[in-house]
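Take a look at the letters that make up each chain.
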2 protein chains.
Amino acid sequence: MHATTLHRPTHRETLWALEEAFERGDLITVFGRCTVDYDGRASSTLGPGNRLVILKPDGSTLVHTDEKRTPVNWQPPGCEHHASVRDGRLRIRGTRQTPTETLDVDFEQIHQFSALSVTGGRDLDLQGSEEDLRQHILGDPSLVEPGFTPLETERESTAGPMDIYGKDRDDVPVVVELKRRRVGPSAASQLQRYVEALHRELGDGVEVRGILVAPSVTDRTSALLAEQGLEFVALDPDTGQPPEDEASGDVVSDSEAEDEKETADEDDSDV
Amino acid sequence: MHATTLHRPTHRETLWALEEAFERGDLITVFGRCTVDYDGRASSTLGPGNRLVILKPDGSTLVHTDEKRTPVNWQPPGCEHHASVRDGRLRIRGTRQTPTETLDVDFEQIHQFSALSVTGGRDLDLQGSEEDLRQHILGDPSLVEPGFTPLETERESTAGPMDIYGKDRDDVPVVVELKRRRVGPSAASQLQRYVEALHRELGDGVEVRGILVAPSVTDRTSALLAEQGLEFVALDPDTGQPPEDEASGDVVSDSEAEDEKETADEDDSDV
DNA sequence: GAATCTATGTCGTAG
DNA sequence: CTACGACGTAGATTC
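Rules behind the numbers
Residues numbered from 1 in each chain as written. Chains lettered and ligands numbered in written order. Predicted model: local features only at pLDDT ≥ 70, side-chain atom pairs only at ≥ 80, totals over all residues. Heavy atoms only, no water. Helix = DSSP H or I, 4+ residues; strand = E, 2+ residues; numbered from the N terminus. Rg over C-alpha atoms; globule rule 2.2 N^0.38 Å. Buried < 20%, exposed > 50% of the residue type's maximum accessible area, 1.4 Å probe, protein only. Contact = heavy atoms within 4.5 Å. Buried area = accessible area lost by both parts, 1.4 Å probe. Salt bridge = Lys/Arg side-chain N within 4 Å of Asp/Glu carboxyl O. Domains from an automatic or database assignment. Near = heavy atom within 4 Å. Polar contact = N/O pair within 3.5 Å; in protein donor to acceptor, adjacent residues only side chain to side chain. Nonpolar A, V, L, I, M, F, W, Y, C, P; charged D, E, K, R; others polar. Least-squares fit on C-alpha atoms with pLDDT ≥ 70 in both. UniProt positions renumbered as here; feature names shortened; annotations may be inferred. Pairing = 2+ DSSP bridges. Axes fitted to C-alpha atoms, helices over the stretch in contact; angles between N-to-C directions. Phe/Tyr/Trp six-rings, centres within 6.5 Å; stacked < 30°, edge-to-face > 60°. Lys NZ or Arg CZ within 6 Å of the ring centre and 35° of its normal. Arc of directions from axis to C-beta.

Draft legend 1. A look at the overall build of chain A. Check the secondary structure of chain A and you find five helices and 15 strands. Taking 18 Å as the expected radius of gyration for a compact globule of 271 residues, we find that chain A reaches 27 Å, considerably beyond that expectation. Taking all 271 residues of chain A together, 47% fall into the buried category.

Draft legend 2. Main features of the interface of chain B and chain A. Facing 86 residues of chain B, the contacting portion of chain A comprises 89 residues. Roughly 7,400 Å² is buried in total at the junction of chain B and chain A, and carbon and sulfur atoms are behind 49% of that figure. Together, Asp 66, Arg 69 and Val 271 of chain B form the three largest contributors to the area buried by chain B at its contact with chain A, with a combined 12%. On the surface where chain B and chain A come into contact, there are three salt bridges.

Draft legend 3. A look at the domain arrangement of chain A. Taken domain by domain, chain A holds domain 1 (3-116) and domain 2 (130-234). Inter-centroid distance (C-alpha atoms) of domain 1 of chain A to domain 2 of chain A is 46 Å.

Draft legend 4. Spatial organisation of the protein's contact with DNA strand C. Close to DNA strand C lie 30 residues, the nearest being Thr 98 and Arg 180 of chain A together with Arg 41, Trp 74 and Arg 182 of chain B. Among all atoms of DNA strand C positioned within 4 Å of the protein, those belonging to sugar or phosphate total 85%. Within the side chain of Lys 179 of chain A, one N or O atom sits 2.9 Å away from a phosphate oxygen of DNA strand C. Of all the secondary structure elements, the ones that give two or more residues to the surface near DNA strand C are strand 9 (124-127) and helix 3 (185-202) of chain A together with strand 5 (73-75) and helix 4 (219-227) of chain B. In terms of residue count, helix 3 of chain A provides more of the surface near DNA strand C than any other element does, three residues in total. Residues belonging to the surface near DNA strand C are distributed by class as follows: 10 nonpolar, eight polar and 12 charged.

Draft legend 5. Spotlight on the relation of the copies chain B and chain A. Mapping chain B onto chain A leaves a residual RMSD of 0.1 Å; the transformation is a rotation of 180° accompanied by 0.0 Å of translation along its axis. Between the two chains, the operation in question is that of a two-fold axis. Proximity to the rotation axis, assessed at the C-alpha, singles out Ser 189 of chain B in chain B; its C-alpha lies 3.0 Å from the axis. Counting the interface residues of chain B, we find that 100% of their copies in chain A are interface residues as well, pointing to one common contact surface.

Draft legend 6. Fine view of unusual backbone geometry. All names here are of chain A. Pro 99 follows Thr 98 through a cis peptide bond whose omega is -5°. Within the chain, Asp 171 stands out as a residue other than glycine whose phi angle is a positive 65°. Checked against the element boundaries, Asp 171 lands in the loop between strand 11 (162-167) and strand 12 (173-178). Taking the relative accessible area as the measure of exposure, Asp 171 reaches 54% and is therefore exposed.

Draft legend 7. Highlighting the UniProt feature "domain: Endonuclease NucS N-terminal PH-like" (unreviewed entry) in chain A. UniProt records the feature "domain: Endonuclease NucS N-terminal PH-like" (unreviewed entry) at residues 27-117 of chain A, using the numbering of this structure. Structurally, residues 27-117 of chain A is divided into 0% helix and 70% strand, and its ends, taken at the C-alpha atoms, are 6 Å apart.

Draft legend 8. Region of the structure containing the pattern of salt bridges. A full pass over the atoms with the stated rule returns 33 salt bridges over all chains. In this structure, Glu 101 of chain B and Arg 41 of chain B form a salt bridge, with 2.8 Å as the shortest nitrogen-oxygen distance. Of the two residues, Glu 101 of chain B sits in strand 8 (residues 101-116) while Arg 41 of chain B sits in the loop between strand 2 (27-39) and strand 3 (43-55), which places them 60 residues apart along the sequence. Residue classification places Glu 101 of chain B among the buried positions, given a relative accessible area of 0%. Two residues, Arg 209 of chain B and Glu 231 of chain B, come together in a salt bridge whose shortest N-O distance is 2.6 Å. Pair noted here: Arg 209 of chain B is in strand 13 (residues 209-214) and Glu 231 of chain B is in strand 14 (residues 231-234), with a separation of 22 residues, a long-range link. Residue classification places Glu 231 of chain B among the partly exposed positions, given a relative accessible area of 28%. Taken together, the shared-partner salt bridges in this structure form one network comprising Arg 91, Arg 93, Asp 104 and Asp 106 of chain A.

Draft legend 9. Molecular detail of the sheet that holds strand 14 of chain B. All names here are of chain B. The strand order across the open sheet built from five strands is 10-11-12-13-14, with neighbouring strands paired in mixed fashion. Every other strand in the sheet has two partners, leaving strand 10 (149-155) and strand 14 as the edge strands with one partner each. Averaged over all pairs of adjacent strands, the angle between their axes in this sheet comes to 30°, without regard to strand direction. Pairing analysis gives five bridges linking strand 10 to strand 11 (residues 162-167), with the strands arranged antiparallel. Across the sheet, Arg 155 pairs through a bridge with Met 162, a residue of strand 11. Sitting on the sheet, helix 2 (residues 130-139) touches strand 10, strand 11, strand 12 (173-178) and strand 13, and the angle it makes with strand 11 is about 10°.

Draft legend 10. Molecular detail of the packing of aromatic side chains. Enumeration according to the criterion identifies zero aromatic pairs over all chains in this entry. The ring centre of Tyr 165 of chain B lies 4.6 Å from the NZ or CZ of Arg 155 of chain B, which sits over that ring.

Draft legend 11. Examining the protein's contact with DNA strand D more closely. Taken together, 29 residues lie near DNA strand D, and Trp 74, Arg 182 and Thr 218 of chain A together with Arg 180 and Arg 181 of chain B sit nearest. In DNA strand D, atoms within 4 Å of the protein come 81% from sugar and phosphate. One of the backbone N or O atoms of Thr 70 of chain B is found 2.9 Å from a phosphate oxygen in DNA strand D. Contacts to DNA strand D include Lys 179 of chain B, whose side-chain N or O atom sits 2.7 Å from a phosphate oxygen. In the surface near DNA strand D, the residues fall into nine nonpolar, eight polar and 12 charged.

Draft legend 12. Seen up close, the environment of Val 118 of chain B. Examined against the element boundaries, Val 118 of chain B turns out to sit in the loop between strand 8 and strand 9 (124-127). A relative accessible area of 5% means that Val 118 of chain B is categorised as buried. Among all residues touching Val 118 of chain B, those that are not within four sequence positions of it are Phe 31, Asn 50, Arg 51, Thr 65 and Asp 66 of chain A together with Leu 27 of chain B.

Draft legend 13. Summary view of the UniProt feature "domain: Endonuclease NucS C-terminal" (unreviewed entry) in chain A. Per the UniProt annotation, the sites labelled "domain: Endonuclease NucS C-terminal" (unreviewed entry) are residues 129-240 of chain A. Measuring from the first to the last C-alpha atom of residues 129-240 of chain A gives 11 Å, for a span that is 33% helix and 26% strand.

Draft legend 14. A look at helix 2 (residues 130-139) of chain A. Those residues of helix 2 of chain A not exposed but buried are Leu 133, Arg 134 and Ile 137 of chain A. Burial along helix 2 of chain A is one-sided: seen end-on, the buried residues are contained in an arc of 100°.

Draft legend 15. Representation of helix 4 (residues 219-227) of chain A. Taken together, the buried positions of helix 4 of chain A are Thr 221, Leu 224 and Leu 225 of chain A. Looking straight down helix 4 of chain A, one finds its buried side chains confined to an arc of 100°; they lie on one side. Exposed and facing more than 90 degrees away from the buried side of helix 4 of chain A are Asp 219 and Ala 226 of chain A. Looking at the buried residues of helix 4 of chain A, the elements they touch are helix 3, strand 13 (209-214) and strand 14 (231-234) of chain A together with helix 3 (185-202) of chain B. Two residues or fewer after helix 4 of chain A comes Gly 229 of chain A, characterised by a positive phi angle close to 70°.

Laid out in structure tokens, this is it:
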């Protein structure tokens, strides 16, 4: 692990440092006053200002201002970084193909340069996804409704793959569409497409049910589902259980507060 | 403008520096070996590794590894930053309400701390958006089809607002849905929802046309549109013209190459 | 590569 | 606040 930092380097010093950092595969940050030009799927220009530019060894490029989670300009992974000095000014260019896109960062002044070696520990363990919800249901299909039997996941149709395909207690085909959060109209339409595709596949005379499973649903979407003869089942992706009624108050255990107290002593400090 | 950097600071030194930086409203970067725990809409844990942590004065928090454009963990704007030292270890916590979410970054080792004052120049000028496409069409409605007359944009319906509402040469109502890029099935469904809503509003006997305008369309979506009696018009959001046939080769002007040559001299350098 | 869908999507805007 | 849709969405998966 190493971290090199240059304070107020010249444009040319930064170019040298960039060359070495590219070579080492470092994660690079450049803080300075710059303009940004992007051209590709769309195009944009950004006037002069102080920004934090991040260059990752996988080709990702991020230009961050002091606001927002999303970079003001960027380049996705796989782009090629290229730095140059023209008329004494540093330019960092990121280019990619398919689609052809170019991002130019032109520096007026460089306040800080850093090259950081970032390695290891990249795998995230995430819970509460749509996949979790599916596992809950496959483990206990009656969560959808008593007598429901899943037959297939990702079953193909002309409208694309459906989340869960199965039959109800009366052997009526059922399409289940899962969403990890409150659903809007697009989810109802998506389910509708699958139901229609199955209708065509199995014959117009065959009944096909469509069930949308999500923690909750908006009013308009609820109406849309009713119109289309689709059903809704409320399930939480974390627990696989029907979500708490919003009227019920939160029950908070006091164990966490005790932990805080235990670890606090005069050597500890807060900001 | 200022930029303070600490090289291999202690956890406690970093805490002090954080306090001052929060106070000043700086953009903060902390590079170090850390673990990350997130709990909120979903929940996740991330084992030890070297990462770049960015704290913005608007409350945004980003944890970046050496890969991907998207941070491995984050907190959106509006969250509150809080730093503390427990048992000699720095913890940075970001919390927000609605929804309740907590992000904890626990440091084993801090390789570098920086506080940067980032101000001004935040306005981006972006071209080639859906709004551009709309302007092209309103300026020359015949781009959709000869005789088309736009009557309203963002016209409300029970299915939500439609991009352009108008009439064709025979006074038949037309819903136009705009997309800035190649469209998939969801766009067809969206248009279908609007057409159905208009049908109900104007009476089932009234003919309503739906036209999807985008640079191109996938095959399955094309079939979906045909089934539903919807139409497609190919237009490029940049030019407002029918997109080039993919068979036609790119015509590249050589002016850029000349520019490069002009500005290149022995003082200039590339990486 | 193209197509399709999920996402702790994020972001803007209207109600 | 919520709802709804756009986004240079990014990212994963499948074909």
